[in-house]
Structures are given as C-alpha cells and as structure tokens.
Amino acid sequence: MELLFNKYGRYLIYFLPFFLLTGPFLPDLSISILGVFFIYLCFKIDLKKYYINYFTLYFFIFYLYLLTSSFFSTDPIFSFQSIIFYFRFILLALVIWYFIDLDKLFIRHFGYFLMAAFTFALFDGYYQFLHDESIFGYTSKLTRLTLPFNDDLLLGSFISRLFPLLFGIIIFSHLNSKYLLTISFLLLVICDVLIFLSGERTAFGLLIIATIFIVLFIEKYRKIRIFSLLFSLIIIFFISILSPEIKTRNIDYTISQLGIADNSQENENEQKLFDKVYLFSEQHHSLINTALNIFHNNLLAGSGPNTFRLLCDKKEYSFNEQSCSTHPHNSLVQILAELGIIGFLFYVTLCSLLFYNFFILKFKRTSTNIDQAGRNFKICLFACILITIFPILPTQNIFHNWINIVYYLPVGFYLGIYQTK
C-alpha cells in the first residue's frame, strides 16, 4: 500500500489543477482519497513530523472549535454536516508536504501540470469572451466566466488565486531559464488582460494585490512582473478606448455599484453623486450588514458554521430585501457572524503567524535554511496566502469545498519548501 501511494498518489496532486476546472466534485474526491491513504500511512509508518507540528496542531484545534460551534449552532445537524470532513483540507497540505519530501522533482513536475491547466483555462476563457460560451458549451448570463467543464463562475478565481503559485514554481524550478521566464511573462500578460475583459473585478483586485506584494519583496526577476503588468495595463487602456462597452462594465458599473455615482437618467432631480456609498455594491452592503447583525446577537461563538443562509431572512437580522444568500460574500464578516469572537481570534492568530514568518524569511536570512530560489518561491506562496486572508474584497463561502482546495494547495508547498534545496 505504501509503495502504491508513493508511486501513484502524487498524480492525484498533479492533476488537481485540471480537476479544479471541472467543478467541486473531482478535486474533492481526489483529496478525500489522498487523505484516507495518508491516514493509513500515518498508522503504519513513522510520519510524526507531519501531524506533530505547530501547523497541524493549530488547524486541528480550529477544526475542534468548528465541531463544537456547530453543536451549539442554530441548526446543529445542518452545521455539523457542513464541516464534519473539513479536516480533509488540512490533510491535503500535509500530503503535498509529504510528496515534496519524497521526491525532489515533485515541485517541478507539479509546475508542468499547473502550467498546462493554466494554458487550457486561459484558452477557454478567451473563447468564452468571444463566443459567450465555453469550449464545452457552458454559458453564463452574467459577465463572469465559467469553468471549462462546469457552469460555476470560478474561472477568474482559479486564475487570480493560483497565478502566484505558478509564478513561484517557474522561478524556483527554472531560475536560469530565460525561455521559461519569457513564457511566464507572456502568461502573466494574458492572465491580466483576460480577467479585465471578463469583468471579474474581485479576481482583478486579487491579482493586483498579489502582484504588488511580489514586486515589493521578491529578490530576483521582479522586473518580469513589473513589465508584464505595465504591458497589460497598456493593452487594457487601449481596449477601454476601443470598446466603450468593456469600459462601462469594468469601470463605470463598478462606480455605480459602489454608490459613488448614479448613472440613471430617469429623474433629473435625483442626486447623482455620493447619494449613498455601498460596501462593494448594494447587495454586498446588505449581506454584510445582515451578517453583522447576526454577530451582534451571537458575539462569542457566532451562529455556527455555514448558518448565515438559515438566519439572513429572519426579521431580527435582515437588513433589507437583499439580505439573503448562502453566505455574506466576505470571509472576515462570515467568520464574525458564524464563528464569533473566538473564530476571529483564530483569524488574527493566523495573520500574526503569517507576518511573523514573513519577517523571519525576509529580514533574518541567516535563520533560514533555504537559498534565494526557495525564498523567492516562498514569497510567492505568501502572496497566495495573503489574498486568501485578505479581509476587504468579496469572497466565496469559507466552507465551500472548491475554494478550500484552492486555499490549502499553496499551504502544502509552503510547508514543504524548507525541506528542499
């Protein structure tokens, strides 16, 4: 069993980026299979380093809190079902760490598969933009892009959240390859432009945040990302001039949703500027205020994991007629509403540990055991995790399986990078 897992288990990780493009089922099935085998190996051989460490301890305590919180939630059965197998995401990170230890070429090989998945996703994205449907016929009534094999509106999230991982792997594995670095330059430009064309403003915001972080702190090849972004912005500028429709969707509509300006011409006496300012949009504003109402009535432990959808239409919490959805569309607000102050302390602790480790990596190099390529790679991984915990922009449900796989995927490389080179 051990030999079978060591030889073939890694391919479930290699193909995970492609599985993510199909929707939530295949990636979730893959990590569940990996988790079962890994638990078996932990009992069979000595793998204490993977489950006796600060990372595993922290997330195991967090998982126990989720279970406890669900038990005392508004609907214990529904909440418990939502998070009972949450530990599989933690196991995903540990399995990646395990394979990095097992094979020094694992990161490079995974990079090839991730590059191929990105290439396919970008090709399908531009095809969708031109033909209003994916290669396999999936369509969306909104301006956002669907996954190639699924009608979930997640393509922009896939590209923006995993691009720092891909960029880091390219630098880490091929530091002196000018050919592959040129490819990465072109790939970054294509990503930037596609996300702008799609109108996925959150994805574009995450891309910019990750880019700024990488440019500020990476030690080598920052010029690649600077010039790729400048080149992208030039292209975006000319696209906005040549296509007023795209400008309206990405810029004017954003201003209108924020409430900074009202584009309607129905009432000449209506105040047009600063009539009311919203958090992201009128609907997001309503969802966030509803979530805060839930938090105020459940300060310590929240209403329970994944219970926003059960409470948002109740009179004592509802902000207005747009107050209901499956989640508040903001991770920090969802943590406050569903997990309370205790959950918020987990979030603050995670942020503190992340920035502490970044400080050690960046400013106390003598205390680390990785070389320049490893440090640059880890800065890119920090960028991935940063946009995961970023508290301001709209987000998906923090208990959704697809997005958690995207969240925990870079964490596995973060844990394993100290073991290489």
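Thresholds applied
- Residues numbered from 1 in each chain as written.
- Predicted model: local features only at pLDDT ≥ 70, side-chain atom pairs only at ≥ 80, totals over all residues.
- Heavy atoms only, no water.
- Helix = DSSP H or I, 4+ residues; strand = E, 2+ residues; numbered from the N terminus.
- Phe/Tyr/Trp six-rings, centres within 6.5 Å; stacked < 30°, edge-to-face > 60°.
- Lys NZ or Arg CZ within 6 Å of the ring centre and 35° of its normal.
- Disulfide = S-S within 2.5 Å.
- Buried < 20%, exposed > 50% of the residue type's maximum accessible area, 1.4 Å probe, protein only.
- Patch = residues over 30% accessible without salt bridge, like charges linked within 9 Å, V, L, I, M, F, W, Y side chains within 5 Å.
- Areas by Shrake-Rupley, 256 points an atom, 1.4 Å probe, with all protein chains shown as cover.
- Salt bridge = Lys/Arg side-chain N within 4 Å of Asp/Glu carboxyl O.
- Contact = heavy atoms within 4.5 Å.
- pLDDT = per-residue confidence, 0-100.

### So, unusual backbone geometry
The phi dihedral of D132 falls on the positive side, at around 65°, and the residue is not glycine. Within the secondary structure, D132 is located in the loop between α8 (106–131) and α9 (155–173). With a phi close to 65°, H329 is a non-glycine residue in the positive phi region. Along the chain, H329 turns up in the loop between α15 (308–311) and α16 (331–363).

### Observations regarding the packing of aromatic side chains
Scanning all chains against the criterion turns up 44 aromatic pairs. In this structure, K378 is placed above the aromatic ring of Y414, and the distance from its NZ or CZ to the ring centre is 4.2 Å.

### Some words on the state of the cysteines
Counting across every chain of the model gives one disulfide. The disulfide that involves C312 links it to C324, with 1.9 Å between the sulfurs. The S-S bond linking C312 to C324 shows a torsion near 90°; that makes this disulfide right-handed. Pair noted here: C312 is in the loop between α15 and α16 and C324 is in the loop between α15 and α16, with a separation of twelve residues, a long-range link. By relative accessible area, which is 0% here, C312 ends up buried.

### A closer look at a nonpolar patch on the surface
A surface patch of nonpolar side chains, amounting to about 610 Å² of accessible area, comprises M1, L4, Y8, Y11, F15 and Y40. Here M1 shows up in the segment before α1 (2–14). On the basis of relative accessible area, M1 is assigned to the partly exposed category, the value being 47%.

### Here's the deal with the side chain of Q396
Within the fold, Q396 resides in the loop between α17 (372–389) and α18 (401–416). When residues no more than four places from it in sequence are discounted, the contact partners of Q396 are L154, S157, H327, S331, Q334, W402 and I403.

### As for the confidence of the model for the chain
Put simply, the chain has an average pLDDT of 85, and 88% of its residues get 70 or more. Confidence, expressed as mean pLDDT per element, reaches its minimum in the chain at helix α13 (residues 244–258) with 63 and its maximum at helix α2 (residues 16–20) with 96. Under a pLDDT of 50 for its full length, residues 263–275 has, in the predicted model, 16 contacts with residues more than four places off or in other chains.

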